[in-house]
Amino acid sequence: MPRAGAAGSAAVGGAGSSGRVGRAGQTGSAGVPAAAPAADSDGCPLQLEGFATLEGGTTGGGNADPTHVTTQAELRACATAAEPRVCLVHGTITFSPFEEINVKSDKSILGAGDSAHIVMGGFRLNAGVHNVILRNLTIRDSFIEGPYEEGGDEGGDRDGIQMDTADHVWIDHVHFRHLGDGMIDSRKDTTFLTVSWNVLENHNKAFGIGWTDNVTSQLTIHHNWIHDTVQRNPSTDNVLRAHLYNNVLEDVESYGNYARGKTNMVLQNSVFVRVKDPHYYDQGTLVTSGNVYRDTNGMRTATGDSFSFFDPGMLYTYKLDTAQEAEARVRRCAGPRPHVFEAVVP
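Residues numbered from 1 in each chain as written. Predicted model: local features only at pLDDT ≥ 70, side-chain atom pairs only at ≥ 80, totals over all residues. Heavy atoms only, no water.

J.: I would appreciate a short explanation of the packing of aromatic side chains in the present structure.
T.: For any two aromatic rings, the description comes down to two numbers: the centre-to-centre distance and the angle of the planes. Across all of its chains, the model carries seven aromatic pairs by this definition. Seen in terms of ring centroids, Y255 and Y258 are 5.8 Å apart; in terms of plane orientation they differ by 85°. Their pairing is edge-to-face. The class for Y258 is buried, based on a relative accessible area of 12%. For the pair Y316 and Y318, a centre-to-centre distance of 5.9 Å together with 70° between the ring planes defines the contact as edge-to-face. The exposure class of Y316 is buried, given its relative accessible area of 0%. The rings of F51, Y245, Y316 and Y318 are connected pair by pair, giving a single aromatic cluster. Over the aromatic face of F98 sits the side chain of R158, whose NZ or CZ is 5.7 Å from the ring centroid. Above the face of the Y293 ring, R300 is positioned so that its terminal group lies 3.7 Å from the ring centre. (Phe/Tyr/Trp six-rings, centres within 6.5 Å; stacked < 30°, edge-to-face > 60°. Buried < 20%, exposed > 50% of the residue type's maximum accessible area, 1.4 Å probe, protein only. Lys NZ or Arg CZ within 6 Å of the ring centre and 35° of its normal.)

Shown next, in the form of structure tokens:
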């Protein structure tokens, strides 16, 4: 698997529109067989887009025969194996004790159907881990009431998925709820990341990105439904290129999309409903276009509506819905789907 590198030079262009298709994508192998459908039988998209398609793409365990797992020990053994693996999760696995499994490179961790649940557990991708797919899971209920020193989560650290300088990661059709700390933490210099078609709900810290002074990370966040949360929706700190499009943020208490530090963000055709401070930026750039706001208040700052630091469509292919189309599709299709794994495992 190629290591992380630059995704091409910054481009300048006009604002995107509905149905925009860029040029330099490599989505052909993207963790699914070449003949895999673009959508499931309900019309919900299944294919990879964004930065995880670049520099060799993201294929996870590839065509490895699936390993069927039903226990914490079986899942740990599969996810930490030295060789490529496709770990197919069946039913509900309740971890005891809590554990963030240290996933190794070249892994696909997939839910079989829409009823694969990880309870009181999560996943960690440490420095150097690459080429990982996590799809079609529900990760839930690791929160413990009470102070951290007494075993609770007031200051605790029970994440859903944590990445520390990993690269080429795809998180797709996952439902996160009621966790102990961050639902998704993309930390340090994690890059070539795509986060798509997920539900993040009922939580304080939804999606944190940063914990580094380096401005090298590149990531795509699209078609996610973030609702009934407080902070980090996401908070995107010191990211070289952050492309956010077609997301739905609803009932967000503290702030919405924050281009923090020196981040360069493109924010397109997203929907903000009852969100305080829908979007704002610090020292970098924040290009916004086509967004819809309902019952919002506070900051909606941007550096403009025309591409300045980068044009995503010059880096990879993506399908941009209108905000209205995106809202309907996200509410219908985000989270685990009955047949996602069938498009990944031949």
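J.: Help me out: how do you make sense of the nonpolar core in this one?
T.: Within the largest apolar cluster, 50 residues are counted, with the highest numbers of intra-cluster contacts made by L75, I109, F123, I171 and F176. In this structure, F123 is in contact with L75, E100, I101, V103, I109, I118, L134, L137, I139, G160, I161 and Q162, ignoring residues within four places of it in sequence. Residues Y245, F307, L315 and Y318 belong to the second largest nonpolar core, which totals twelve residues. (Core = buried A, V, L, I, M, F, W, Y, C linked by side-chain atoms within 4.5 Å. Contact = heavy atoms within 4.5 Å.)

J.: What is the right way to read the pairing of strand 9 (residues 167-172) from this model?
T.: Regular strands place their side chains on alternate faces of the sheet. Most of strand 9 sits inside the fold, with six of its six residues counted as buried. Both strand 6 (residues 130-135) and strand 9 contribute to a ladder of five bridges, which runs parallel. The residue of strand 9 that forms the bridge with V132 is V169. In the sheet, strand 9 pairs with strand 12 (residues 191-196) via five bridges, with the strands oriented parallel. Within strand 12, the position partnered with W170 by the bridge is T194. (Helix = DSSP H or I, 4+ residues; strand = E, 2+ residues; numbered from the N terminus. Pairing = 2+ DSSP bridges.)

Just geometry here; none of it tells us what the structure is for.
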